[in-house]
Amino acid sequence: MKNLFLGVLFLAAGAVSAQSDPGFGIKGGLNYGGTGDISDSASNAYDDPSSDIGYHVGVFARTGERLFFRPELVYTKLNTTYEDSDFGMQKLDAPLLIGYEVIGPLNIFAGPSLQYILDTDYDGLALGDVKNDFTVGLNFGAGVALGKLGIDLRYERGFGDNEAEFLDSRGIITNGSRIDTRPDQLILSVSLNL
């Protein structure tokens, strides 16, 4: 109990000295979710919670004080399960977030996320090109600033369907075999102001 109290006291002290200075930094963390239909992602999470974990690393900048603008450039690796097969995606994300410091170290933010798909892989099967390599999605969430350290949790969703088609052994698109590559995920990030 004493350790818990000391831990809470330490976090409170950090929150009091929280800084939200303009600047730039690095970030990284875990993604949980998938691609395609939201109900499919929820079903996969229920069946096997560890199957749809990915990661991200990147950089960010911040301008403004209480009302701020935070552009980011992030490399993201997504993993999703489709009918007992694994789908992986690598992409570059550029969230353009507008945020507001609500009270103390707590902030909220939202904005569009520009996404460029670098590569897709479906359990060793060949996929045709994704319909659109460049897509737009939405990020929104909340964060806490503890000195130079920040922690945030956000939700990301792609706006429109973005499908890839399966190829047969000759590299020809098969009829009716498509997979929706639109992101649908929770993102937990830790950031460090430099």
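Enquirer: What am I meant to see in the overall build of the chain here?
Expert: Broken down by element type, the chain carries 2 helices and 10 strands. Reading the chain from its N terminus to its C terminus gives the helix and strand order α-β-α-β-β-β-β-β-β-β-β-β. The proportion of buried residues among the 194 residues of the chain is 40%. By sequence separation, contacts in the chain at least 24 residues apart represent 65% of the contacts at least 6 residues apart.

Enquirer: Would you take a moment to explain the pairing of strand β7 (residues 149–158) for this structure?
Expert: Within a regular strand, the side chains alternate between the two sheet faces. Relative to β7, strand β6 (residues 134–146) is paired through 10 bridges, and the arrangement is antiparallel. By the bridge assignment, Ala-142 is partnered in β7 with Leu-153. Hairpin connection, β6 to β7: the antiparallel pair is bridged by 2 residues, and Gly-147 has positive phi, about 65 degrees.

Enquirer: Looking at this structure, I do not really get the packing of aromatic side chains. What am I missing?
Expert: The geometry of an aromatic ring pair is captured by the separation of the ring centres together with the interplanar angle, meaning the angle of the planes. Here the structure, examined in full by the defined rule, presents 2 aromatic pairs. Centroid distance Tyr-55 to Tyr-75: 6.3 Å. Interplanar angle 50 degrees. Geometry classified as tilted. Residue Tyr-55 is located in strand β2 (residues 53–64), and its partner Tyr-75 is located in strand β3 (residues 67–82); the two are separated by 20 residues in the primary sequence. Taking 5.7 Å as the distance between ring centres and 55 degrees as the angle between the ring planes, the aromatic pair formed by Phe-140 and Tyr-155 counts as tilted. In this pair, Phe-140 is assigned in strand β6 and Tyr-155 in strand β7, connecting sequence segments 15 residues apart. Assessed through its relative accessible area of 22%, Tyr-155 is described here as partly exposed. Cation over ring: Arg-62 sits above Phe-68, and NZ or CZ is 3.8 Å from the ring centre. Between the NZ or CZ atom of Arg-70 and the centre of the ring of Phe-60, over which it lies, the distance is 3.9 Å.

Enquirer: Mind showing me how you'd approach a nonpolar patch on the surface here?
Expert: Together, Phe-24, Ile-26, Val-59, Leu-73, Leu-92, Tyr-116, Leu-118, Phe-134, Val-136, Leu-192 and Leu-194 make up a nonpolar patch on the protein surface, roughly 980 Å² of accessible area in all. Elements supplying a minimum of two residues to the nonpolar patch: β1 (23–35), β5 (106–122) and β6. With respect to the element layout, Leu-192 can be found in strand β10 (residues 183–193).

Enquirer: Quick question: what am I supposed to make of the side chain of Gln-115 here?
Expert: Checked against the element boundaries, Gln-115 lands in strand β5. A distance of 3.4 Å separates polar atoms of two side chains, one belonging to Gln-115 and the other to Glu-156.

Enquirer: Could you clarify how one ought to interpret the side chain of Asp-152 in this entry?
Expert: Among the secondary structure elements, Asp-152 is positioned in strand β7. Within the structure, Asp-152 has its side chain in polar contact with the side chain of Arg-154 (distance 3.3 Å). Dropping the residues within four chain positions of it, Asp-152 is found in contact with Arg-70, Phe-109, Ala-142, Gly-143, Ile-187, Leu-188 and Ser-189.

Enquirer: Explain the pattern of salt bridges here, please?
Expert: Side-chain pairs of opposite charge can arise whenever the charged atoms involved come near each other. Applying the stated criterion across every chain yields a total of 7 salt bridges. Ionic pairing is found between Asp-93 and Lys-91, a salt bridge with its closest N-O pair at 2.7 Å. Judged by relative accessible area, which is 4%, Asp-93 ranks as buried. Several salt bridges converge on common partners, so that one network encompasses Lys-27, Arg-70, Glu-72, Asp-152 and Arg-154.

Enquirer: Mind showing me how you'd approach the environment of Thr-76 here?
Expert: Looking at where Thr-76 falls in the secondary structure, it is placed in strand β3. When neighbours within four sequence positions are excluded, Thr-76 is seen to be in contact with Asn-31, Tyr-55, His-56, Met-89, Gln-90, Lys-91, Asp-93 and Gln-185.

Enquirer: Help me out: how do you make sense of the environment of Ile-108 in this one?
Expert: Looking at the element boundaries, Ile-108 is found in strand β5. Considered as a pair, Ile-108 and Leu-67 are 41 residues apart in the sequence and their alpha carbons are 9.9 Å apart.

Procedures and definitions
Per chain, residue numbering runs from 1 following the sequence as it is written. With the structure being a predicted model, the display of local features is reserved for residues of pLDDT at least 70 and the display and counting of side-chain atom pairs for 80 or more, all residues being used for whole-chain, interface and lining totals. No hydrogens and no water enter the side-chain calculation; it runs on all heavy atoms of the structure. Numbering of helices and strands runs from the N terminus, with a helix taken as a DSSP run of H or I at least four residues long and a strand as a DSSP run of E at least two residues long. Exposure is judged per residue with a 1.4 Å probe applied to protein chains only, and the accessible area is read against the type maximum: over 50% gives exposed, under 20% gives buried, and values in between give partly exposed. Should any heavy atoms of two residues lie within 4.5 Å, those residues are counted as being in contact. Here, any two strands with at least 2 DSSP bridges between them count as paired. For Phe, Tyr and Trp, rings pair up if their centres lie within 6.5 Å, where Trp contributes its six-membered ring, and each pair is then called stacked (planes under 30 degrees apart), edge-to-face (over 60) or tilted (otherwise). Two conditions define a charge sitting above a ring: the NZ of Lys or the CZ of Arg must be within 6 Å of the ring centre, and it must be within 35 degrees of the ring normal. Residues forming no salt bridge and having over 30% relative accessible area are the ones grouped into patches, like charges within 9 Å of each other and nonpolar side chains (Val, Leu, Ile, Met, Phe, Trp, Tyr) within 5 Å. Here the Shrake-Rupley method, with its probe set to 1.4 Å, supplies the accessible areas, and only the displayed protein chains count as covering residues. Salt bridge, as used here, is a side-chain nitrogen of Lys or Arg placed within 4 Å of a carboxyl oxygen of Asp or Glu. Polar contacts, as counted here, are pairs of nitrogen or oxygen atoms within 3.5 Å of one another; within protein the pair requires one atom able to donate a hydrogen and one able to accept it, and residues that are adjacent in sequence qualify only if both atoms are side-chain atoms.

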